[in-house]
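Here is how the chains run, residue by residue.
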Amino acid sequence: MNSPRRIVKVATPALVAIAAGAVAVATLTARSPDGDDMTARPASPAESTTPLISKAVDGGYDPASWRLPIEAYMFSRSQVHTMNSRRAALMADCAQRAGSPGPAPALDAPDLDGRTETDLRYGIHDAALAARRGYHPDAADQQAHDRAIAAGAVVPAGADGAVLRGCSDAAGVSVPAPVQAEVVEAIARDSYARSAKTPEVTAVFARWSACMKAKGYSYARPMDVNDDPRFHDRDGVRDVEIATATADVACRRRVPVAKVWFEAESVLQTEAIKANQGVLNTVRAGIEEAVGRAAAPKAS
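Residues numbered from 1 in each chain as written. Predicted model: local features only at pLDDT ≥ 70, side-chain atom pairs only at ≥ 80, totals over all residues. Heavy atoms only, no water.

Draft legend 1. Representation of the packing of helix 2 (residues 77-97) against helix 10 (residues 277-295). Relative to each other, helix 2 and helix 10 sit at 50°, their axes nearing to 9 Å. Between helix 2 and helix 10, the angle falls in the class oblique. The way helix 2 lies across helix 10 gives a crossing that is left-handed. Where helix 2 approaches helix 10, its residues Gln79, Thr82, Met83 and Arg86 are matched on the opposing element by Ile287, Ala290, Val291, Arg293, Ala294 and Ala295. In the contact of helix 2 with helix 10, the residues fall into 6 nonpolar, 2 polar and 2 charged. (Axes fitted to C-alpha atoms, helices over the stretch in contact; angles between N-to-C directions. Helix = DSSP H or I, 4+ residues; strand = E, 2+ residues; numbered from the N terminus. Parallel < 35°, antiparallel > 145°, perpendicular 65-115°, else oblique. Left-handed = near helix turned anticlockwise from the far one by under 90°. Contact = heavy atoms within 4.5 Å. Nonpolar A, V, L, I, M, F, W, Y, C, P; charged D, E, K, R; others polar.)

Below you can see the structure in the form of structure tokens.
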């Protein structure tokens, strides 16, 4: 979901990139804290009208376990994984038939934008991670992500760029790229921006701001912290960032910023879905058809 959330500063993984004849493929998976796949099945339109909020084991709310209504009309992360893996396999088979080395197998990589669509949408919430990394992703996840991207960007020795591009085009005919529909992206962007201006959300922002002020930090809104240029160092985490992030999470445990914001945004998304139900039904059908083609057995 290309929403306005900006809590992670480092590069977002490219799912498929072709440059100078190279084909880079990185696939993503989303897991819940207990290891279960969070996004293997999109919710039905009926389910999507009921926001999901569940409590984490520590008694606090875990935004990673929540599901926005618009996600019922998105490719899930597990579906993106399946489709990109199938596309990579089709490209490799095509290149082999043409006598050219194909792309490397698709690699799993942690999604630095959060475990799920809602994980970091409203800001950080993991106290342990904040104490280690501030507003930066987990160091091991960052390294695994970078390795996957670097491996996918390597041009196979002896590869024919024209063949790879042709094979990529051919794979796209069989299995289209899992790109979210424009109407879905628009609803996600609009609901995020509008919900941040609702009375209930601005009120909870004010409470969070007062909490941070009492700890010695002056930010009007929770997401303003991420805009602090001191926290944008790609390779380093300073003490001031860790201290700020720790205070941020502590205030979020006192003031339910994410929960209030999520509920306000879910209401707006539900309204937008009803207003666009016809086109969204078509989007949903297209997703099911595309995923079905990706999951179909390979022709012998």
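Draft legend 2. Fine view of helix 8 (residues 239-254). In this model helix 8 runs 23 Å from its N-terminal to its C-terminal C-alpha over 16 residues, within 8% of the 22 Å that 1.5 Å per residue would give. For helix 8, every residue scored as buried is listed here: Glu241, Ile242, Thr244, Ala245, Ala247, Asp248, Val249, Cys251 and Arg252. (Expected span 1.5 Å × (residues − 1). Buried < 20%, exposed > 50% of the residue type's maximum accessible area, 1.4 Å probe, protein only.)

Draft legend 3. Here's a closer look at the pattern of salt bridges. Per the stated rule, a full pass over the model turns up 14 salt bridges. Residue Glu71 is joined to Arg67 by a salt bridge in which the shortest nitrogen-to-oxygen separation is 3.9 Å. For the pair Glu71 and Arg67, a shared accessibility class is recorded, and that class is buried. Between Arg221 and Asp224 there is a salt bridge; the shortest N-O distance is 3.6 Å. Sharing partners across several salt bridges, the network here consists of Asp62, Arg115 and Asp119. (Salt bridge = Lys/Arg side-chain N within 4 Å of Asp/Glu carboxyl O.)

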